[in-house]
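# Descriptive analysis of the structure
Next come the chains, spelled out residue by residue.
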Amino acid sequence: MRQKIRNKFQELFASEGSVYTSPGRINLIGEHTDYNGGFVFPGAIDKGMIAEIKKNGTDKVRAFSVDLNDYAEFGLTEADAPKASWAKYIFGVCREIIKRGGEISGFDTAFAGDVPLGAGMSSSAALESTYAFALNDMYSLNIDKFELAKIGQATEHNYCGVNCGIMDQFASIFGKKGSLIRLDCRSLEYKYFPFHPTGYKLVLLDSVVKHELASSAYNKRRISCETVVAAIRRNHPEVEFLRDATMEMLNAVKADVTSEDYMRAEYVIEEIQRVLDVCDALEKDDYETVGKKMYETHHGMSKLYEVSCEELDFLNDVAKKCGVTGSRVMGGGFGGCTINLVKEDKYDAFVKEAFDSYTAKFGHEPKLYNVVISDGARKLK
Ligand code: GLA
């Protein structure tokens with residue numbers, strides 16, 4: 001991949017730039033909790049984006065996506081935005097840096113990635129973090145790592161139409177080889193948890209489906225949560241996020257909110273607790289409890305938060321039938337992957353059964369990725 005980028009950069013710009021990379025992420029548990037001020041438990045993976053980049057002495061950015069074989073040229077002002085949606089991620093990062101007072105100029109860049117698009121592994125955060133990290137380094141901007149993550153998140157909000165939380169960009173920047181990270185999305189306190197589940201494998205099964213309107217459905221979930229918080233605040237003004245709410249508080253406003261909003265909030269309140277339960281279980285090497293919580297998350301995401309789909313529910317059922325310790329839809333949902341915690345001696349039979357039965361039912365194979373927990377954003381030598 002690096003050689004492909006190098007060749008393209010040389011061909012287009014006849015020079016050599018610096019090379020940066022930033023990964024996608026997995027999340028063991030804690031889904032749709034980040035924008036509710038709750039906890040998440042992600043880790044960076046060994047798949048991500050790589051970009052070669054060099055200042056070009058103009059006020060224009062000239063960018064090439066190797067994977068899409070597409071070129072875009074744009075400026076650094078709002079009036080000079082690119083049309084292509086992939087280029088908006090780079091443009092958004094530039095704009096968010098400038099809004100924070102960072103002084104940058106035009107540059108040339110070519111990039112490619114091996115984190116599958118739309119699979120719930122956060123290819124977009126990988127792209128944002130790559131450029132946020134690279135520009136910070138190249139222009140010696142001294143932006144701290146949290147602000148780099150927030151620059152990526154603000155890019156999603158202001159240039160890509162997704163009102164996401166901080167998890168993906170955080171994981172992509174802060175990732176550490178061999179460790180998952182528990183992040184408190186309100187205080188932004190975090191703790192690395194070395195994750196070496198002896199006797200188990202962590203494997204992703206990609207349904208290879210991506211549903212339309214995923215971003216508007218995502219934003220709608222967020223509004224539901226905020227609506228419930230507003231209702232609870234009438235009795236409990238101290239509640240800032242669903243993180244602060246209890247099931248008792250939620251039940252007290254049951255008549256004031258729609259049944260749909262109630263279900264969404266119920267899921268979030270339970271999910272925030274599950275992350276803490278999983279952390280306790282991990283400290284005791286109790287993977288059975290970790291797995292049980294993962295199944296509970298899947299059930300909640302499917303029946304209460306309604307961000308699963310037929311294909312993902314099917315993969316979850318197969319996991320259950322094969323005695324897989326834990327399995328659930330990962331990431332925002334509406335397609336993408338399940339994450340599975342599988343005992344080594346059950347792994348082969350599970351993978352075979354998942355491939356055979358999924359292909360028989362849906363007419364195409366799922367994809368399999370073994371998870372390797374890796375470092376976050378960095379410059380490559
Ligand atoms: C997407 C968002 C994250 C998070 C997850 C769900 O990946 O980008 O901020 O909300 O969905 O946990």
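Residues numbered from 1 in each chain as written. Predicted model: local features only at pLDDT ≥ 70, side-chain atom pairs only at ≥ 80, totals over all residues. Heavy atoms only, no water.

## Brief notes about the overall build of the protein chain
A count of helical and extended segments in the protein chain gives 11 helices and 13 strands. Compactness check: the protein chain gives a C-alpha radius of gyration of 21 Å against a globular reference of 21 Å for 381 residues, within 12% of the reference. Per-residue burial for the protein chain yields a buried fraction of 59% across its 381 residues. Taking the contacts inside the protein chain whose residues are at least 6 apart along the sequence as the reference set, 70% of them involve residues at least 24 apart. Across the protein chain, 48 positive and 56 negative side-chain charges occur, with their mean positions spaced 2 Å apart. (Helix = DSSP H or I, 4+ residues; strand = E, 2+ residues; numbered from the N terminus. Rg over C-alpha atoms; globule rule 2.2 N^0.38 Å. Buried < 20%, exposed > 50% of the residue type's maximum accessible area, 1.4 Å probe, protein only. Contact = heavy atoms within 4.5 Å. Lys, Arg positive; Asp, Glu negative; His and termini not counted. Charge placed at Lys NZ, Arg CZ, Asp CG, Glu CD.)

## A short note on the domain arrangement of the protein chain
Domain boundaries assigned for the protein chain yield domain 1 (2–196 + 375–380) and domain 2 (200–370). At the junction of the two partners, domain 1 supplies 36 residues and domain 2 supplies 44 residues. Note on domain 1 versus domain 2: buried area summed over both sides is about 3,400 Å², and carbon and sulfur give 64% of it. If you sort the residues of domain 1 by the area they bury against domain 2, Ile-29, His-32 and Tyr-35 come out on top, with a joint share of 20%. Taken together, the connections running from domain 1 to domain 2 amount to four salt bridges. With a shortest N-O distance of 2.9 Å, Arg-243 and Asp-184 are connected by a salt bridge. Summed over the shared surface of domain 1 and domain 2, the result is 20 residue pairs in polar contact (both at pLDDT 80 or more). Where the side of domain 1 that touches domain 2 is concerned, the elements lending two or more residues are strand S1 (18–27), strand S2 (39–40), strand S7 (179–184) and strand S8 (190–194). Partitioned by chemical class, the residues of the side of domain 1 that touches domain 2 number 14 nonpolar, 14 polar and eight charged. (Domains from an automatic or database assignment. Buried area = accessible area lost by both parts, 1.4 Å probe. Salt bridge = Lys/Arg side-chain N within 4 Å of Asp/Glu carboxyl O. Polar contact = N/O pair within 3.5 Å; in protein donor to acceptor, adjacent residues only side chain to side chain. Nonpolar A, V, L, I, M, F, W, Y, C, P; charged D, E, K, R; others polar.)

## Concerning the sheet that holds S7
An order of S2-S7-S8 is seen for the three strands of this open sheet, with the pairing classed as antiparallel. Only two strands of the sheet have a single neighbouring strand rather than two, namely S2 and S8. (Pairing = 2+ DSSP bridges.)

## Brief notes about the site of the ligand
By nearness alone, every residue bordering the ligand is listed as Arg-25, Glu-31, His-32, Asp-34, Tyr-35, Cys-164, Gly-165, Met-167, Asp-168, Tyr-218, Gly-331 and Gly-332. In this structure, an oxygen atom belonging to the ligand sits 2.7 Å away from a side-chain N or O atom of Glu-31. Within the backbone of Gly-332, a nitrogen or oxygen atom sits 3.4 Å from an oxygen atom of the ligand. Calculation on the ligand without its partners gives an accessible area of 310 Å², and the protein chains cover 91% of this total. When each cavity is represented as a set of grid points, the ligand is found to reside in the largest pocket. A per-class count over the shell around the ligand returns four nonpolar, four polar and four charged. Residues lining the shell around the ligand come from more than one domain, with at least three contributed by each of domain 1 (2–196 + 375–380) and domain 2 (200–370). (Near = heavy atom within 4 Å. Areas by Shrake-Rupley, 256 points an atom, 1.4 Å probe, with all protein chains shown as cover. 1 Å grid on protein atoms, 1.4 Å probe; cavity = no way out; pocket = protein on both sides within 12 Å on 5 of 7 lines; lining within 4 Å. Sits in = over half its atoms within 2 Å of the grid points.)

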